[in-house]
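Below are the chains, spelled out letter by letter.
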Amino acid sequence: MMISIRQRKEIKTTEVSEHFPVQEENVKLENKVPSGCTSRRLWKIVSFTVGGTVALCMGLLTSVYLATLHENDLWFSNIKEVEREISFRTECGLYYSYYKQMLQAPTLVQGFHGLIYDNKTESMRTINLLQRMNIYQEVFLSILYRVLPIQKYLEPVYFYIYTLFGLQAIYVTALYVTSWLLSGTWLSGLLAALWYVANRIDTTRVEFTIPLRENWALPFFAIQIAAVTYFLRPNLQPLSERRTLLAIFISTFLFSLTWQFNQFMMLMQALVLFILDSLDMLPAVKATWLYGIQIASLLLVCILQFFNSMILGSLLISFNLSVLIARKLQKILNLRSDEHIFKFLKAKFGFGATRDFDANLYLCEEAFGLLPLNTFERLSDTLLFYAYIFVLSITVIAALIVAFHNLSDSTNQQSMGKTGKCTVDLKPETAYNLIHTILFGFLALSTMRMKYLWTSHMCVFASFGLCSPEIWELLLKSVHLYNPKRIYIMRYSVPILILLYLCYKFWPGMMDELSELREFYDPDTVELMNWIKSNTPRKAVFAGSMQLLAGVKLCTGRTLTNHPHYEDNSLRERTRAVYQIYAKRSPEEVHALLRSFGTDYVILEDSICYERRHHRGCRLRDLLDVANGHTMDGPGENDPDLKPADHPRFCEEIKRNLPSYVAHFTRVFQNKTFHVYKLSRNK
């Protein structure tokens, strides 16, 4: 699908809670201003009120900022409904279509029935969408829109996108609170929020991929990290501990419910807990609680998704159970839903070359490649990367000292019963966030799409360190310049200077960005969707690329042969078969494959047939040729066992209107980008 944006034509028109311990140095310095117990309590209330207000303001401003960018980029309020829907590209359009489907259903019961017994997403198959996909959020929003008295004032699409931008406010607020919890001052939260906005290109993509599952899930993940950070603090009151556990459970459950990759993220989180637990840097009881919450949340999601086998057979459940009961879970499930992920990982990390179509499809996409080096250039421009490395280095050294001491102490206890006190202290919540940022850093470095998990936490971790008395104490002691006053000066002056720098350097650019007006422009796709709605039966079945068909379902409601939600083995096999329209196959073979899925119309895209975006070996036609055992087009080497194909490339040859092709395919629509052919029903 070819989508472009053009310039718009000119028109007329401290502290977080009473349970949080205060550092000794801070007490000596900060308590000089208010004297006495009453004054200190008043100071806490004022600090909490100001910090909380700033947190809410930063969250709301970020939400409004991103929503404005989205409006300015597409002129969303002025374009037609079909253009709005086309702007939800690839899988985004597929997810939004279910929200639209629920709203168009005569009753909620019929809407649910249509999702549980869906026969339009995959032709000739009835699938349970609530089991297969993470779309409960669309169901929930459609119910809300029906019951709230807002239909007269707010269009369904705006209710949907405003909810997503509202979640961004929660996301930024959660990052702010996490940094505040770690450092003890809301100044670090403010710095984290500003860094998140200043590095928007690398911290979020919500403004142009609104319905994407990660945009639903990451705000809840951020809330969970904030709650875990608070939970790991020592000496919590029992009531506070219970409330925090409830917050962790709810946020973990919502995170798991809204993203299909939740289990892989939580597996890394479980590894964080396991490492810290093994090094005695985390209370064992609290680690056990967190393992249990992960399992309970995932099992509850599994029930809601009608016992999805991908969840039941996940590594997270077996890992956590193995930690808790000291043995691994022996899987008896025939699990193949996520095998493409392991094939991709095996090929990505060099464990043998592969001709597997699915693995190569991922390997050739930029989003699944290594993190580009220019990412670090952008992060350095805002000083985030420099601050992050500075804080990371100090905390890693402190963690190694504490881990070595704990292991040595354990050995001494076993041999002589002697214990000693470590000269370096690393709080459990700091240790948790340290290992968290390291593991997610490795994930982001290996897979660019996962950078959004890391870069947002970079903002939290770097801002915490610059405002942390412990970090400055360690640094000043190491250079023999330790003094409580110096700590106080450094933890406030450095963040304030960086805040001033960010405002000075990036405020003009943000204002220019907000004033730049463009509009959505994709006339070929609009023409195609309008033609399909006007000239094809409502029950017609369409074949084509995954990305385009998601838009076909959303804009026209027609039945599809395949779609972009790739977490199903039979769907992947079906997609490989449909994609033979871009391979070197005879018209008889292609016709037979397409008709086996009940296809009535096939859409060919010149941008795929004559693709130049990828290099040789990564074009879709090359992946198909190699998977079929055929030599690739163009100059370059081929593996010696690949053979020339017996037939020309289907997507090119069909345009010549030769008798062998006309007998099976009749062209019924074409423009500069798309060619639609109707299939004959003869065998």
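All of these numbers come straight from a predicted model, not from anything done at the bench.

Conventions adopted
- Per chain, residue numbering runs from 1 following the sequence as it is written.
- At least 70 in pLDDT is required for a residue's local features to be given in this predicted model, at least 80 for side-chain atom pairs to be given and counted, and no such filter applies to totals for whole chains, interfaces and linings, which use all residues.
- Water and hydrogen atoms play no part in the side-chain values, which are based on all heavy atoms of the structure.
- UniProt positions are given in the numbering used here, feature names are shortened, and annotations may be inferred rather than shown by experiment.
- Starting at the N terminus, helices and strands are each numbered in turn, a helix being any DSSP run of H or I of at least four residues and a strand any DSSP run of E of at least two.
- Working definition: with a 1.4 Å probe on protein chains only, accessible area under 20% of the residue-type maximum means buried, over 50% means exposed, and in between means partly exposed.
- The charge count includes Lys and Arg as positive and Asp and Glu as negative, but it does not include His or the ends of the chains.
- The term salt bridge refers to a pairing of a side-chain nitrogen on Lys or Arg with a carboxyl oxygen on Asp or Glu at a separation within 4 Å.
- The definition of a polar contact used here is a pair of N or O atoms within 3.5 Å, where within protein one atom must be able to donate a hydrogen and the other to accept one, and adjacent residues in sequence count solely through side-chain atom pairs.
- Contact criterion: two residues are considered in contact whenever any of their non-hydrogen atoms come within 4.5 Å of each other.
- We call Phe, Tyr and Trp rings a pair once their centres come within 6.5 Å, taking the six-membered ring for Trp, and we label the pair stacked below 30 degrees between planes, edge-to-face above 60, and tilted otherwise.
- Sitting over a ring, as applied to charges here, requires NZ of Lys or CZ of Arg to be within 6 Å of the ring centre and within 35 degrees of the ring normal.
- The disulfide criterion used throughout: a pair of cysteine sulfur atoms within 2.5 Å.
- A pair of strands is treated as paired once DSSP finds two or more bridges between them.

Draft legend 1. The arrangement of the UniProt feature "transmembrane region" (unreviewed entry) in the protein chain in detail. The UniProt feature table records "transmembrane region" (unreviewed entry) at residues 45–67, 169–196, 216–233, 245–275, 295–326, 383–404, 452–476 and 488–507. Within the segment residues 45–67, helix and strand shares are 100% and 0% respectively, and the terminal C-alpha atoms sit 33 Å apart. Across residues 383–404 one finds 95% helix and 0% strand; the C-alpha atoms that close the span lie 32 Å apart.

Draft legend 2. Region of interest: the side chain of arginine 558. One can find arginine 558 in the loop between helix H26 (546–556) and strand S4 (559–560). Despite being buried, arginine 558 has no salt bridge partner; aspartate 600 is the closest side chain of opposite charge, sitting 9.0 Å away. Within polar-contact distance, the side chain of arginine 558 engages the backbone oxygen of lysine 533 at 3.2 Å. If sequence neighbours within four positions are ignored, arginine 558 has contacts with Lys120, Ile532, Lys533, Thr536, Pro537, Arg538, Ala540, Phe542, Val552 and Lys553.

Draft legend 3. Representation of the packing of aromatic side chains in the model. A complete count under the given rule lists 29 aromatic pairs for this structure. Both rings, one in tyrosine 388 and one in phenylalanine 461, keep their centres 6.2 Å apart while their planes meet at 65°; by these two values the pair is edge-to-face. In this pair, tyrosine 388 is assigned in helix H20 (residues 384–415) and phenylalanine 461 in helix H22 (residues 451–467), connecting sequence segments 73 residues apart. Comparing tyrosine 388 with phenylalanine 461 shows no difference in burial state: the two are buried. Site record: aromatic cluster; members linked through ring pairs are Phe76, Phe88, Tyr96, Tyr99, Tyr158, Tyr160, Tyr162 and Trp216. In this structure, lysine 477 is placed above the aromatic ring of tyrosine 482, and the distance from its NZ or CZ to the ring centre is 5.0 Å.

Draft legend 4. Layout of the state of the cysteines. Across all of its chains, the model carries 2 disulfides by this definition. Here cysteine 364 connects covalently by a disulfide to cysteine 618, the sulfurs 2.0 Å from one another. The S-S bond linking cysteine 364 to cysteine 618 shows a torsion near -75°; that makes this disulfide left-handed. With cysteine 364 in the loop between helix H18 (357–363) and helix H19 (374–381) and cysteine 618 in the loop between helix H29 (606–609) and helix H30 (620–627), this residue pair connects regions lying 254 residues apart in the sequence. The same class applies to cysteine 364 and to cysteine 618, which are both buried. A disulfide bridge connects cysteine 609 with cysteine 651, and the sulfur atoms are separated by 2.0 Å. In this structure, the disulfide formed by cysteine 609 and cysteine 651 twists by about 80° around the S-S bond and is classed as right-handed. Placement of cysteine 609 in helix H29 and of cysteine 651 in helix H31 (residues 650–653) is noted, with a sequence separation of 42 residues between them. Within the protein chain, bonded cysteines paired by disulfides and numbered along the sequence follow the pattern 1-3, 2-4.

Draft legend 5. Seen up close, the pairing of strand S5 (residues 601–605). Of all 5 residues making up S5, 5 are buried, and the element is well covered by its neighbours. Burial along S5 is two-sided: the face carrying Tyr601, Ile603 and Glu605 and the face carrying Val602 and Leu604 are both buried. Of the strand pairs in this sheet, S5 and strand S7 (residues 674–679) are connected by 5 bridges, and their pairing is antiparallel. Bridged to valine 602 within S7 is tyrosine 677.

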